[in-house]
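Residue-level structure breakdown
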Amino acid sequence: MKNEIKIFSPATVANVACGFDVLGFCLDTIGDEMVIRKTQEKGIKITKIEGYDLPFEAEKNVAGVSALAMYNALQPDCGFEIEIYKKIKPGSGIGSSSASAAGSVFGMNELLGNPLNKTELTNYAMKGEALASKCEHADNLAPAIFGGFTLVKSACPLKVLELPTPSDLFATLIHPQIEIKTSESRAILPKDIPLANAITQWANVGSLVHGLHTSDYDLLKESLSDVIIEPYRKQLIPHFDDVKSAALEAGALGCAISGSGPSIFMLSKTEATAKTVEQAIRKVYSQTDIKFETYVSKINTQGIRIL
Ligand code: HSE
């Protein structure tokens with residue numbers, strides 16, 4: 001059995017417009033790399049962090065917290081060292097904490113001969129995610145671990161449904177270089193919502209799921225809409241409405257906030273359209289003084305992978 005592995009832990013888009021806290025999909029071109037190593041000395045140690053300034057104490061680091069939860073439950077006859085090569089900026093809205101939380105448990109599971117299934121791994125990873133967002137949600141973790149589109153049917157007990165990925169679907173993302181803390185963008189949300197909005201939203205979730213199952217791009221286009229969360233959160237994202245109009249005009253099927261923001265994602269049919277959309281949204285942000293990055297990615301149907 002191997003003593004060390006290197007993995008790619010992908011960025012993810014949570015909510016997917018209408019599916020707040022339940023839907024997510026996995027990206028392919030953006031993600032962290034991590035090295036997980038077995039040690040004779042017991043316990044979990046984070047020995048290297050590159051890219052961003054994050055805590056080395058396992059109890060304060062999302063990768064460490066999820067690793068400790070799994071380690072304490074399994075009580076293996078060894079310890080683990082974790083190296084984190086962070087590429088996903090914390091607070092970007094594309095699952096930075098989830099990539100770390102999922103990566104450590106995925107790597108340890110591999111080195112232990114895969115005693116845990118993907119649902120069990122997601123459960124441990126949720127402990128790390130909770131450190132970052134102050135609540136246990138799995139809509140970034142599930143797509144990172146399972147790949148493709150996922151629906152968290154229930155968080156407790158955890159039940160994840162794997163949804164199909166239409167083959168021509170591509171994502172475009174813009175990441176304005178401002179930080180929005182998930183805990184803060186959750187705090188501004190209303191506790192109660194109008195019934196009429198709830199009806200629209202659950203109709204959209206249902207039809208989005210149906211659209212994924214039938215590769216019905218027109219239905220996906222009609223369903224990628226969020227009437228509940230977006231009106232509150234878009235105020236935290238400069239030029240959100242301009243980006244959305246430009247993206248839809250350039251041919252995107254839909255455009256919405258990625259997770260808790262500030263990143264904004266679009267889905268398009270074909271890579272060519274996704275790239276046209278990228279140019280259109282770059283034009284919007286180029287006219288501002290906010291730094292930004294854009295990405296085009298196919299949907300990653302594999303999830304975390306060994307490098
Ligand atoms: N569903 C979560 C939210 C994802 O939107 O708050 C944040 O990572």
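Only a predicted model underlies this, so the values are computations on that prediction, with no experimental measurement involved.

**Describing the nonpolar core**
Across soluble globular proteins, nonpolar side chains have a tendency to be buried as a group. Core analysis: the largest hydrophobic core is formed by 38 residues, its most contacted members being I44, F80, I82 and M108. A total of 6 residues in this core trace back to one element, the largest contributor, which is helix 2 (residues 96–111). Residues within four places of F80 in sequence aside, it is in contact with I36, R37, K38, T39, G43, I44, K45, Y71, M108, L111 and L112. Listed in part, the 31 residues of the second largest apolar core include I30, A99, L173 and L220.

**Section: the site of the ligand**
Around the ligand sit A14, N15, F20, D21, H137, D139, N140, T182, R186, R233, G259 and S260, and those are all the residues in its vicinity. One of the side-chain N or O atoms of D21 is found 2.5 Å from a nitrogen atom in the ligand. Relative to its unbound accessible surface of 260 Å², the ligand loses 94% to contact with the protein. At a threshold of 2 Å from the grid points, most atoms of the ligand map onto the largest pocket. Split into classes, the residues belonging to the shell around the ligand amount to 2 nonpolar, 6 polar and 4 charged. Split by domain, the residues of the shell around the ligand number at least three in each of domain 1 (4–163) and domain 2 (169–298).

**Section: helix 2**
An ideal rise of 1.5 Å per residue puts 22 Å on 16 residues; helix 2 measures up with 23 Å between its terminal C-alpha atoms. Of all 16 residues making up helix 2, 14 are buried, and the element is well covered by its neighbours. At the exit of helix 2 stands G113, carrying a positive phi of roughly 85 degrees.

**Comments concerning the side chain of S104**
Tracing the backbone through its elements, the reader meets S104 in helix 2. Under the relative-accessibility criterion, S104 is labelled buried at 0%. Within polar-contact distance, the side chain of S104 engages the side chain of S66 at 3.0 Å. Here S104 is in contact with M34, I36, A63, S66, A67 and I82, once residues within four sequence places are set aside.

**What to know about the pattern of salt bridges**
With the rule as written, the count across this model stands at 17 salt bridges. R37 is the partner of E4 in a salt bridge, and the nearest nitrogen-oxygen pair spans 2.8 Å. Of this pair, E4 sits in strand 1 (residues 4–14) while R37 is found in strand 2 (residues 23–39), placing the two residues 33 residues apart along the sequence. Of the residues examined, E4 reaches a relative accessible area of 42% and is grouped as partly exposed. Salt bridges linked by common partners bring E4, R37, E81 and E83 together as one network.

**Comments concerning helix 1 (residues 62–74)**
End to end, helix 1 covers 18 Å across 13 residues, agreeing with the expected 18 Å (1.5 Å per residue, within 8%). Among the residues making up helix 1, those that are buried are V62, A63, G64, V65, S66, A67, L68, M70 and Y71. N-cap assignment for helix 1: the residue whose side-chain oxygen lies 2.8 Å from the backbone N of A63 is N61.

**Describing empty space enclosed by the protein**
Scanning all chains against the criterion turns up 1 cavity of 30 Å³ or more. Empty space within the largest cavity amounts to approximately 60 Å³. Residue assignment places the lining of the largest cavity across two domains, with domain 1 (4–163) and domain 2 (169–298) each supplying three or more.

**Topic: the state of the cysteines**
Inspection of the entire model under this criterion finds 0 disulfides. Lacking any disulfide linkage, C26 is separated from the closest cysteine sulfur, that of C18, by 19 Å.

**Quick look at the layout of surface pockets**
Here the largest pocket is characterised by a volume of approximately 650 Å³. What lines the largest pocket is a set of 38 residues, and nearest its centre among them are P90, G91, S97, A132 and T182. At the level of secondary structure, the elements contributing two or more residues to the lining of the largest pocket comprise helix 2, helix 3 (118–133) and helix 5 (182–187). Considering only residue class, the lining of the largest pocket consists of 11 nonpolar, 17 polar and 10 charged.

**Here we look at the domain arrangement of the protein**
Accessible area lost when the parts come together is the quantity often used to give the size of an interface. Looking at the assigned domains, one finds that the protein contains domain 1 (4–163) and domain 2 (169–298). Distance from the C-alpha centre of domain 1 to the C-alpha centre of domain 2: 24 Å. The interface is formed by 30 residues belonging to domain 1 together with 38 residues belonging to domain 2. Where domain 1 abuts domain 2, roughly 2500 Å² becomes buried across the two surfaces, and 67% of that area is made up of carbon and sulfur atoms. If you sort the residues of domain 1 by the area they bury against domain 2, A17, C18 and F20 come out on top, with a joint share of 23%. Between the two partners, domain 1 and domain 2, sit 2 salt bridges. With a shortest N-O distance of 2.6 Å, R186 and D21 are connected by a salt bridge. Applying the counting rule to domain 1 against domain 2 returns 10 residue pairs in polar contact (both at pLDDT 80 or more). Only strand 1, strand 2 and strand 5 (149–155) provide two or more residues apiece to the side of domain 1 that touches domain 2.

What counts and what doesn't
Residues numbered from 1 in each chain as written. Predicted model: local features only at pLDDT ≥ 70, side-chain atom pairs only at ≥ 80, totals over all residues. Heavy atoms only, no water. Core = buried A, V, L, I, M, F, W, Y, C linked by side-chain atoms within 4.5 Å. Buried < 20%, exposed > 50% of the residue type's maximum accessible area, 1.4 Å probe, protein only. Helix = DSSP H or I, 4+ residues; strand = E, 2+ residues; numbered from the N terminus. Contact = heavy atoms within 4.5 Å. Near = heavy atom within 4 Å. Polar contact = N/O pair within 3.5 Å; in protein donor to acceptor, adjacent residues only side chain to side chain. Areas by Shrake-Rupley, 256 points an atom, 1.4 Å probe, with all protein chains shown as cover. 1 Å grid on protein atoms, 1.4 Å probe; cavity = no way out; pocket = protein on both sides within 12 Å on 5 of 7 lines; lining within 4 Å. Sits in = over half its atoms within 2 Å of the grid points. Nonpolar A, V, L, I, M, F, W, Y, C, P; charged D, E, K, R; others polar. Domains from an automatic or database assignment. Expected span 1.5 Å × (residues − 1). Salt bridge = Lys/Arg side-chain N within 4 Å of Asp/Glu carboxyl O. Points joined across faces, edges and corners; volume = space filled by probe spheres on them. Disulfide = S-S within 2.5 Å. Buried area = accessible area lost by both parts, 1.4 Å probe.

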